[in-house]
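Summary of structural features
What follows is the residue order along each chain.
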Amino acid sequence: MLELYKGTIHGEGPAWQPTHERLVWSDVPNRRLLGWYLDGHVEVVIDGTWFMNGNAVEASGTLVHCEHGRRCISRGGDYDTAPEPIVTHYRGKRINSPNDVAVAPNGMIWFTDPTFGIIMPNQGALAEPEVDHRSVYRFDPASGDLARMADFEQPNGLAFSADGRMLYVSDTSLSLGEVPRHKAGTKHEIIVFDVAEDGALSNRRFFCHTDHGYPDGFAVDARGWVWTTAADGVHIWAADRVKLGFIPTPSVASNCTFGGTDGRRLFIAATNYLLAIDLSA
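Our subject in this report is the structure included herewith. What you are looking at is a predicted structure, and each value in this text was computed from that prediction instead of being measured.

Okay, the packing of aromatic side chains next. A ring pair, where both rings are aromatic, is described by two values, the distance of the centres and the angle of the planes. Applying the stated criterion across every chain yields a total of 10 aromatic pairs. Through a chain of ring-to-ring contacts, three or more aromatic side chains come together here, namely W16, W36 and F267. Seen from the ring of F51, R31 lies directly overhead, with NZ or CZ sitting 5.3 Å from the centre. Residue placement shows R204 over the ring face of F152; its charged tip is 4.3 Å from the ring centre.

See the structure below:
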């Protein structure tokens, strides 16, 4: 395993941006978006973020971000250019604190909206929720339409299968027990849905859970294998729910993604580390 960087407080939201040949990821409490480049150097891409967490990349190469502080989904931003909020409210009420985001093959932006960023002061700003649910949403960048697609106790990571026909979402409400004055929920699992051509979700079902910590963020490869982070590293499941393997990490892993010039490098954000492992297939 390669250690690409050490120095974040809570690394999150890795996303490969092919137009820039770089891996971007968030250092949430330090309020910065970092970029790792192929020559090994690391730069601060956006400084003074509003507690960015998850990131994704549109087909055009434009970045999409989850912001806890502004409680929004934003787009763009690079060095001296600030990202622009594109989703802030649902039916007139502020959304909670978007956590993770994925761009579907058809360009729709999907994101999770738990309350972690408004109940943990080192992750955002303390606030009372305005909506009475914690949900997965679908945003249409062309029309501006925002649809509430599914509800959870505390939705966290999400990812599509390569063909866009399945959506995986983690629920990590069990981690609420680590937040002062909050009671632990019961969930530390990944749920999977079938996705219709119009984006409708169906056949909600259990996929897996992690024995150590929570399945925070994860990635799905071209074979349908799910690579999910947990307290002790990255666990790998086949699409038929057979456990395939495990990659230990030196600290709690929070999210991972595939990237690099051939798409076979797994980047892992693990607390203060950015790690990578090159896969043979």
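On to the pattern of salt bridges. Under the counting rule described, the total for this entry stands at 10 salt bridges. One salt bridge in this structure joins D151 and R148, with 2.6 Å as the shortest N-O distance. The exposure class of D151 is partly exposed, given its relative accessible area of 34%. Across the pair E189 and K187 runs a salt bridge whose closest N-O atoms are separated by 3.9 Å.

Here the focus is the sheet that holds strand β9 (residues 84-87). Taken in spatial order, the four strands of this open sheet run β6-β7-β8-β9, and their pairing is antiparallel. The two strands at the open ends of the sheet, each matched to only one other strand, are β6 (52-57) and β9. Mean inter-strand twist for the sheet, computed between neighbouring axes without regard to direction, equals 35 degrees. Inspection of the sheet shows β6 paired to strand β7 (residues 63-67) by four bridges, in the antiparallel sense. Within β7, the residue paired with A56 across the bridge is V64.

Mapped onto the elements of the fold, L167 is located in strand β17 (residues 166-171). Take L167: its relative accessible area is 0%, and that puts it in the buried class. For the pair L167 and V220, spaced 53 residues apart in the sequence, the C-alpha separation amounts to 9.7 Å. With sequence-adjacent residues up to four places away left out, L167 is seen in contact with W110, L158, A159, F160, I191, V192, F193, V195 and L201.

Each value, and the rule that gives it
Residues numbered from 1 in each chain as written. Predicted model: local features only at pLDDT ≥ 70, side-chain atom pairs only at ≥ 80, totals over all residues. Heavy atoms only, no water. Phe/Tyr/Trp six-rings, centres within 6.5 Å; stacked < 30°, edge-to-face > 60°. Lys NZ or Arg CZ within 6 Å of the ring centre and 35° of its normal. Salt bridge = Lys/Arg side-chain N within 4 Å of Asp/Glu carboxyl O. Buried < 20%, exposed > 50% of the residue type's maximum accessible area, 1.4 Å probe, protein only. Pairing = 2+ DSSP bridges. Helix = DSSP H or I, 4+ residues; strand = E, 2+ residues; numbered from the N terminus. Axes fitted to C-alpha atoms, helices over the stretch in contact; angles between N-to-C directions. Contact = heavy atoms within 4.5 Å.

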